[in-house]
Amino acid sequence: MRLLLIEDDVALGEGIHQALSREGYTVDWLQDGNSALHSLRSEIFDLAVLDLGLPRMDGLEVLRRLRDSGSNLPVLILTARDATEDRIAGLDAGADDYLIKPFDLAELKARIRALLRRSAGRGQSLIEHAGISLNPGTQQVSYKGEPVALTPKEYQLLHELLSPPGRVMTRDHLMQLLYGWNEEAESNTLEVHIHHLRKKFSTDLIRTVRGIGYLVEERR
Ligand code: CA
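These numbers come from a predicted model, not from an experiment. (Residues numbered from 1 in each chain as written. Predicted model: local features only at pLDDT ≥ 70, side-chain atom pairs only at ≥ 80, totals over all residues. Heavy atoms only, no water.)

### A word on a negative patch on the surface
Move 1: A surface patch of like charges, here negative, comprises Asp58, Asp82, Glu85 and Asp86.
Move 2: If you trace the backbone, Asp82 turns up in the loop between β4 (75-79) and α4 (84-92). (Patch = residues over 30% accessible without salt bridge, like charges linked within 9 Å, V, L, I, M, F, W, Y side chains within 5 Å. Areas by Shrake-Rupley, 256 points an atom, 1.4 Å probe, with all protein chains shown as cover. Salt bridge = Lys/Arg side-chain N within 4 Å of Asp/Glu carboxyl O. Lys, Arg positive; Asp, Glu negative; His and termini not counted. Charge placed at Lys NZ, Arg CZ, Asp CG, Glu CD. Helix = DSSP H or I, 4+ residues; strand = E, 2+ residues; numbered from the N terminus.)

Dropping the structure here:
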């Protein structure tokens, strides 16, 4: 799961970034509204945590423009204690949930989990392909009827390759999905995850498209 955190308060941002990374999320952190909107439009995230008081375009404007462009990305807004109007405006502009500062990090984590569960269940049904059954709602995976344990990154990778099968996924796209910009990843780390997936399912499940990326064939 890749999250975008947009918070200009460095101490708070660091705290949230650390807490969410420890939960196993890939977290990218930006500190102004302008770059946030740009990233939200050009990259893939599963959820955004958006502070409303931001330099170079406030959070409300970021949210409005994001929704205007047709995105239904789950967005949790962070607002100041006395700013009831902000909260209402945020929800009206399409925020899925809000937290009032100061908040408990445990509560933030719980709200994020709930939003991700909701969005996973939203219009996503069971994916079945080549003996694999993947449930986006529960994140459970089975192969030929037997449950298979996957790491969060393996799950993410498999989900992406199966949504839908038959598309070549470039290395860059997959690396960005798994690691975002901040996390340092070894250059062969994607190959390692792919290797593990082949071992857990079948060696010919994922085809290497030389010089480009990976592919799960549409029909096997
Ligand atoms: Ca702020």
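From this point on, the discussion continues.
### Looking at the side chain of Ser202
Move 1: Along the chain, Ser202 falls in the loop between α8 (189-200) and β11 (206-209).
Move 2: Within polar-contact distance, the side chain of Ser202 engages the side chain of Asp204 at 2.6 Å. (Polar contact = N/O pair within 3.5 Å; in protein donor to acceptor, adjacent residues only side chain to side chain.)

### Concerning the domain arrangement of the chain
Move 1: Per the domain assignment, the segments making up the chain are domain 1 (2-121) and domain 2 (127-216).
Move 2: Taking only C-alpha atoms, the centre of domain 1 and the centre of domain 2 are 27 Å apart.
Move 3: Each partner contributes to the interface: domain 1 provides 14 residues, whereas domain 2 provides 13 residues.
Move 4: Buried surface at the junction of domain 1 and domain 2, both sides included, amounts to about 980 Å², of which 49% is carbon and sulfur.
Move 5: When the buried surface of domain 1 facing domain 2 is broken down by residue, Arg2, Thr26 and Ile44 rank first, second and third, together holding 46% of it.
Move 6: At the junction of domain 1 with domain 2, the criterion picks out zero salt bridges.
Move 7: Connecting domain 1 to domain 2 are four residue pairs in polar contact (both at pLDDT 80 or more).
Move 8: Every element with two or more residues in the side of domain 1 that touches domain 2 is listed here: β1 (2-6) and β2 (26-30).
Move 9: When residues of the side of domain 1 that touches domain 2 are assigned to their parent elements, the largest contribution, five residues, is made by β2.
Move 10: When its residues are assigned to classes, the side of domain 1 that touches domain 2 shows seven nonpolar, three polar and four charged. (Domains from an automatic or database assignment. Contact = heavy atoms within 4.5 Å. Buried area = accessible area lost by both parts, 1.4 Å probe. Nonpolar A, V, L, I, M, F, W, Y, C, P; charged D, E, K, R; others polar.)

### Some details on the sheet that holds strand β10 (residues 169-170)
Move 1: An order of β10-β12-β11 is seen for the three strands of this open sheet, with the pairing classed as antiparallel. Of all the strands in the sheet, just β10 and β11 have a single pairing partner and so form its edges.
Move 2: Bridge count for β11 against strand β12 (residues 213-216) is four bridges, and the pairing is antiparallel. Residue pairing across strands places Val209 opposite Gly213, the latter belonging to β12.
Move 3: Against the sheet, helix α6 (residues 152-161) contacts β10, β11 and β12, and its axis sits at roughly 65° relative to β12.
Move 4: Where α8 meets the sheet, its contacts fall on β11 and β12, and the angle it forms with β11 comes to roughly 150°. (Pairing = 2+ DSSP bridges. Axes fitted to C-alpha atoms, helices over the stretch in contact; angles between N-to-C directions.)

### Observations regarding the nonpolar core
Move 1: Core analysis: the largest hydrophobic core is formed by 24 residues, its most contacted members being Ile132, Leu157, Leu158, Leu161, Leu190, Phe201 and Ile206.
Move 2: Among the secondary structure elements, those contributing two or more residues to this core are β7 (132-135), β8 (140-143), α6, α7 (171-179), α8 and β12.
Move 3: Judged by nonpolar contacts, the second largest core, of 21 residues, contains Leu40, Phe45, Leu52 and Val75. (Core = buried A, V, L, I, M, F, W, Y, C linked by side-chain atoms within 4.5 Å. Buried < 20%, exposed > 50% of the residue type's maximum accessible area, 1.4 Å probe, protein only.)

### Focus: the pairing of β7
Move 1: Here three bridges tie strand β6 (residues 127-129) to β7, and the two strands are oriented antiparallel to one another. When the bridges of β7 are listed, His129 appears paired with Ile132.
Move 2: Here β6 folds back onto β7, and the loop between the two strands holds two residues, one of which, Ala130, carries a positive phi near 50°.
Move 3: Bridge count for β7 against β8 is four bridges, and the pairing is antiparallel. Paired with Ser133 across the strands is Ser142, a residue of β8.

### Some remarks on the sheet that holds β4
Move 1: The strand order β2-β1-β3-β4-β5 describes an open sheet built from five strands, whose pairing is parallel. Bordering the open sheet on either side are β2 and β5 (97-100), each of which pairs with just one other strand. The sheet shows a mean angle of 20° between the axes of neighbouring strands, taken without regard to direction.
Move 2: Set on the sheet, helix α2 (residues 33-42) makes contact with β1, β2 and β3 (47-51); between it and β1 the angle comes to about 160°.

### Overview of the packing of α2 against helix α3 (residues 59-68)
Move 1: Where α2 contacts α3, the two axes come as close as 9 Å, and the packing angle between them is 20°. When the axes of α2 and α3 are compared, the pair comes out roughly parallel. When the axes of α2 and α3 are compared, the crossing they make is right-handed. Note on element contacts: α3 touches α2 through Val62, Arg65 and Leu66, opposite Gly33, Leu37, Leu40 and Arg41. (Parallel < 35°, antiparallel > 145°, perpendicular 65-115°, else oblique. Left-handed = near helix turned anticlockwise from the far one by under 90°.)

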